[in-house]
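# Fold and contact review
Below, each chain spelled out in residue letters.
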Amino acid sequence: MSPEFVVDFARRAMEVTLMVSAPMLGFGLLIGLVVSIFQAVTSIQEMTLTFIPKILGVMAAIIVFLPWMLQIMLSFTANILINFPLWVK
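Keep in mind that what you see is a predicted model, and the values were worked out from it rather than measured.

## Looking at the environment of Lys54
Structurally, Lys54 is set in helix H2 (residues 51-88). Apart from the residues lying within four places of it in its own chain, the contact partners of Lys54 are Gly28, Ile31 and Gly32.

Here is the structure:
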């Protein structure tokens, strides 16, 4: 295995990780922003108010994006397993 292969493999693994985690992180960020604006407008300063909407939003994002995330992860894993004999040389 050459250094170029290792760097390329690490880059692709990071890309897949970011693609798979982006929907949950985006929903959590968006819901956190909406709840923060709501708290600022209503002057409610309860720190625990953001947890339940974020948890529900991230769970909804997982349910909605799970088929897409599985397809991305399976294609990455299949690519690794198919090309492994070529890389070991």
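## Let's talk about the pattern of salt bridges
Where charged atoms from two side chains of opposite charge approach closely, those side chains can pair. Throughout the structure, instances matching the rule amount to three salt bridges. Linking Asp8 and Arg11 is a salt bridge whose minimum nitrogen-to-oxygen distance equals 2.7 Å. Of the two residues, Asp8 and Arg11 are both situated in helix H1 (residues 3-42); the distance of three residues between them amounts to about one turn of the helix. Residue classification places Asp8 among the partly exposed positions, given a relative accessible area of 29%. Owing to a relative accessible area of 42%, Arg11 belongs among the partly exposed residues under this scheme. Across the salt bridge formed by Glu15 and Arg11, the nearest N and O atoms sit 2.6 Å from each other. Residue Glu15 and its partner Arg11 are located together in helix H1, separated by four residues, close to a single helical turn.

Cut-off values and rules
Residues numbered from 1 in each chain as written. Predicted model: local features only at pLDDT ≥ 70, side-chain atom pairs only at ≥ 80, totals over all residues. Heavy atoms only, no water. Helix = DSSP H or I, 4+ residues; strand = E, 2+ residues; numbered from the N terminus. Contact = heavy atoms within 4.5 Å. Salt bridge = Lys/Arg side-chain N within 4 Å of Asp/Glu carboxyl O. Buried < 20%, exposed > 50% of the residue type's maximum accessible area, 1.4 Å probe, protein only.

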